[in-house]
Amino acid sequence: MYRYRVRGPYTTALAKIIIDAGFELVDLSKSLASRLGMDEKSDVAPHATLKESDEDPNTLIIVGYPDAVETLLYEMVARIPFATYVYEELGPYTTVSVKIKGIDRMGRCIGETVNGKEVILQNIKECVEGAITVAHIVKPSQNPKIGRAVALPGVAILKDTLVLLDDRGGRVYFSEHIRDFDRRATLNSLAMQITRQGFSIRWRSSAKNAPLELIGKDLESAVNEAMKLRNISLKDVPTILYQGETIAFIKLNRASKEFLDIVRRSVVPTTPNHHMLRTCRKPIDVCVDMLDYVANNVGEKVLDGAIKEFLLSRSIGREVTIIHEKPGNGHIEIGPIKIMNVINTDIGLAMVGIRIIQKSGTYDGIGVERKAGDIALTLIPFDEWFVVHRYMDQYGNEKGIYININTPPEYCPLDNVVKYLDLIIDIGIVKNNLRVIDVEELENAEKSGLLSEDLVYMANETVKKVIGLIEAIQKALEASQSLVKQFLAFQQS
């Protein structure tokens, strides 16, 4: 049975999923152990760790031994709806042979390794095109299709309690979690006999409580494996020389987070929108904690409605930016958009924003000329899977309507950001002629794994729903039209 460690703002919900899947939790924080009524098990090394990405709070990372990562990835994707994922075999401390390609425009040494993937080689003495060298991954690519992993020269050998680096450095590093002076002194003493041979050692967090007998076995085994790789004959075709960790990235959206709210609620009182608010770039932790407390005494539906009304009311008068996440291809930013009002419509509570188009060209999807000075009226229904853009000339005459199909929007009030995952398929309306756009691209996204089956299903169902809501959408746009005059008057004042 695999053992997992969980960290970050999703901890309680993810721990519950892991337990329900029949796996073991180890190295629990005191608060999680108390919440679940379990032992901390801080002396047991995990096979993999599940945590939030430091770079993106909407992304979960599973990192550890390959079989453990793949097993947990399958469970998480099967249980958490509407999540997308990327699996990367070139995880931390994986040793590879690399064929050097040369120096790029930014002065970085670039090499090619397994399956034609490129890596950035740091701290390399010579970047000679065509040379074959050995390196280990220190920072995997979060998007293997367009990104590059970062690697350092030399072999890395991964064990439960340590990482051995054949870097000729002879240095000792400690996990930040190993704070006990006596334990650090003991580990340093064990390392000295190894560092004299040119190896460096990174003591992992599990070494803080692990039995010294186990640590000794890990050291001996790591040195033996590293010595074998010192004399290995390198082939011209790059390959994996030693498999360290693999890593998986699970991208969450609001619909996924709402499911995790439900899971967390089965363990401890949890407010609606808990994970959405907790994972804003500027989290409002005290408010979320207070709402969690209130959730134990107030009906979920009433609290959910009150939270949304309060959040959206805070957007009025602000300039927000839409983060339009593109599956497997980064994101684009739309805005800033001036939020003029929040209105109740037949399609629910919606933010109404306006912006002035800055560049001329063509409006994608509807094929209509775009001129600098045009006006975009944007309708963001907070509980729907779409966002509406009405494009007008500077006099308010409609040019066309573009309805973007996406996951339900998340709003972070302190960041002034609205974000969602684009679901590729869209609807364009020009002179009352409606057209569904990018149907084939959506099918290709499903085949290539960029979008999960449930997301594709929701995209297609939302298109059907939107077509049935056209009159309601038109009505909401007309009700917001008076705001355009207010906006223009504000711009001129």
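Keep in mind that this is a model prediction, so the values were computed, not measured.

**Comments concerning the sheet that holds strand β12 (residues 162–166)**
In step 1: A sheet is described by the order of its strands in space; here four strands give the open sequence β11-β12-β14-β13, paired in mixed fashion. Looking at the sheet topology across the chains shown, the edges are occupied by β11 (155–158) and β13 (172–174). In this sheet, adjacent strand axes meet at a mean angle of 15° when their direction is disregarded.
In step 2: Packing against the sheet, helix α4 (residues 181–195) makes contact with β12, β13 and β14 (200–203), and its axis sits at approximately 150° to β13.

**Describing the layout of surface pockets**
In step 1: Of the volumes computed, that of the second largest pocket is approximately 900 Å³.
In step 2: Along its surface, the second largest pocket is lined by 35 residues, and Ile332, Ile334, Arg355, Asp364 and Tyr391 are the ones closest to its centre.
In step 3: Looking at the lining of the second largest pocket, the elements that each hand over two or more residues are β17 (319–325), β18 (331–345), β19 (348–356), β20 (361–363), β23 (386–392), β24 (398–406), β26 (417–430) and α13 (482–492).
In step 4: The greatest single-element share of the lining of the second largest pocket, amounting to seven residues, is contributed by β18.
In step 5: A per-class count over the lining of the second largest pocket returns 14 nonpolar, nine polar and twelve charged.

**Topic: the environment of leucine 164**
In step 1: Note that leucine 164 resides in strand β12.
In step 2: Along the primary structure leucine 164 and tryptophan 203 are separated by 39 residues, whereas in three dimensions their C-alpha atoms are 8.7 Å apart.
In step 3: Dropping the residues within four chain positions of it, leucine 164 is found in contact with Val155, Ala156, Ile157, Ile194, Phe199, Ser200, Ile201, Ala222, Val223 and Ala226.

**Looking at unusual backbone geometry**
In step 1: Residue glycine 335 is joined to proline 336 through a cis peptide bond whose omega torsion reads 5°.
In step 2: Turning to its location among the elements, proline 336 is positioned in strand β18.
In step 3: A positive phi is found at tyrosine 93, a non-glycine position, where the angle reads about 65°.
In step 4: Structurally, tyrosine 93 can be placed in the loop between β5 (84–88) and β6 (95–103).
In step 5: If you check the backbone angles, isoleucine 424 has positive phi at about 75° while not being a glycine.
In step 6: Mapped onto the elements of the fold, isoleucine 424 is located in strand β26.

**A look at the pattern of salt bridges**
In step 1: Using the criterion set out here, one finds 33 salt bridges in the structure.
In step 2: Among the salt bridges present, the one from glutamate 258 reaches arginine 254, with a minimum N-O distance of 2.9 Å. Here arginine 254 and glutamate 258 lie together in helix α6 (residues 254–265), a separation of four residues that amounts to about one turn.
In step 3: Looking at glutamate 258, the relative accessible area reads 30%, which means it is partly exposed.
In step 4: Between aspartate 292 and arginine 264 there is a salt bridge, with its nearest N and O atoms 3.5 Å apart. With aspartate 292 in helix α8 (residues 285–295) and arginine 264 in helix α6, this pair connects stretches of sequence that are 28 residues apart.

**Some thoughts on the packing of α4 against helix α5 (residues 212–230)**
In step 1: At a minimum axis distance of 11 Å, the contact between α4 and α5 shows a crossing angle of 25°. Classified by the angle their axes make, α4 and α5 are roughly parallel. Here the hand of the crossing between α4 and α5 comes out right-handed. Only Leu212, Ile215, Leu219 and Val223 of α5 make contact with α4, whose side of the interface consists of Arg183, Thr186, Leu187, Leu190 and Ile194.
In step 2: Classifying every residue of the contact of α4 with α5 gives seven nonpolar, one polar and one charged.

**A closer look at the state of the cysteines**
In step 1: In total, this model carries two disulfides according to the counting rule given.
In step 2: The disulfide partner of cysteine 109 is cysteine 127, and the S-S distance across this bridge is 2.1 Å. Its torsion about the S-S bond being 85°, the disulfide of cysteine 109 and cysteine 127 is classed as right-handed. Linking cysteine 109 in strand β7 (residues 109–112) with cysteine 127 in the loop between β8 (118–121) and β9 (132–139), this pair joins segments that are 18 residues apart in sequence.
In step 3: Cysteine 109 sits in the buried class, given a relative accessible area of 5%.
In step 4: For cysteine 127, a relative accessible area of 23% gives the class partly exposed.
In step 5: Linked covalently through their sulfurs, cysteine 280 and cysteine 412 form a disulfide whose S-S length is 2.2 Å.

**Observations concerning the nonpolar core**
In step 1: Ranked by internal contacts, the top residues of the largest apolar core, which has 42 residues, are Leu379, Phe386, Ile403, Ile405, Leu451 and Ile473.
In step 2: Those residues in contact with leucine 451 that lie beyond four places of it in its chain are Thr84, Pro327, Leu421, Leu423, Ile424, Leu442, Ala445, Glu446 and Val456.
In step 3: Counting 30 residues, the second largest nonpolar core, distinct from the first, contains Phe23, Leu32, Ala33 and Ile80.

**A short note on the side chain of histidine 47**
In step 1: On the secondary structure map, histidine 47 appears in the loop between α2 (30–36) and β3 (48–52).
In step 2: Non-local contacts of histidine 47, meaning those with residues more than four positions away in its chain, are made with Met1, Tyr2, Arg3, Gly64, Tyr65 and Ala68.

**Observations regarding the sheet that holds strand β4 (residues 59–64)**
Each strand in a sheet pairs with another by means of backbone hydrogen bonds, the pair being arranged parallel or else antiparallel.
In step 1: Taken together, the six strands give an open sheet; going across it, the order is β2-β1-β3-β4-β16-β5, and neighbouring strands pair in mixed fashion. A strand with exactly one partner marks an edge of an open sheet, and here the two such strands are β2 (24–25) and β5.
In step 2: Examined bridge by bridge, β5 and strand β16 (residues 246–251) share five bridges and lie antiparallel to one another. When the bridges of β16 are listed, valine 86 appears paired with phenylalanine 249.
In step 3: Here helix α3 (residues 66–79) sits on the sheet and contacts β1 (3–6), β3, β4, β5 and β16; the angle it forms with β16, its principal contact strand, is near 15°.

Calculation criteria
Residues numbered from 1 in each chain as written. Predicted model: local features only at pLDDT ≥ 70, side-chain atom pairs only at ≥ 80, totals over all residues. Heavy atoms only, no water. Pairing = 2+ DSSP bridges. Helix = DSSP H or I, 4+ residues; strand = E, 2+ residues; numbered from the N terminus. Axes fitted to C-alpha atoms, helices over the stretch in contact; angles between N-to-C directions. Contact = heavy atoms within 4.5 Å. 1 Å grid on protein atoms, 1.4 Å probe; cavity = no way out; pocket = protein on both sides within 12 Å on 5 of 7 lines; lining within 4 Å. Points joined across faces, edges and corners; volume = space filled by probe spheres on them. Nonpolar A, V, L, I, M, F, W, Y, C, P; charged D, E, K, R; others polar. Salt bridge = Lys/Arg side-chain N within 4 Å of Asp/Glu carboxyl O. Buried < 20%, exposed > 50% of the residue type's maximum accessible area, 1.4 Å probe, protein only. Parallel < 35°, antiparallel > 145°, perpendicular 65-115°, else oblique. Left-handed = near helix turned anticlockwise from the far one by under 90°. Disulfide = S-S within 2.5 Å. Core = buried A, V, L, I, M, F, W, Y, C linked by side-chain atoms within 4.5 Å.

What is shown is where atoms sit, not what they do.
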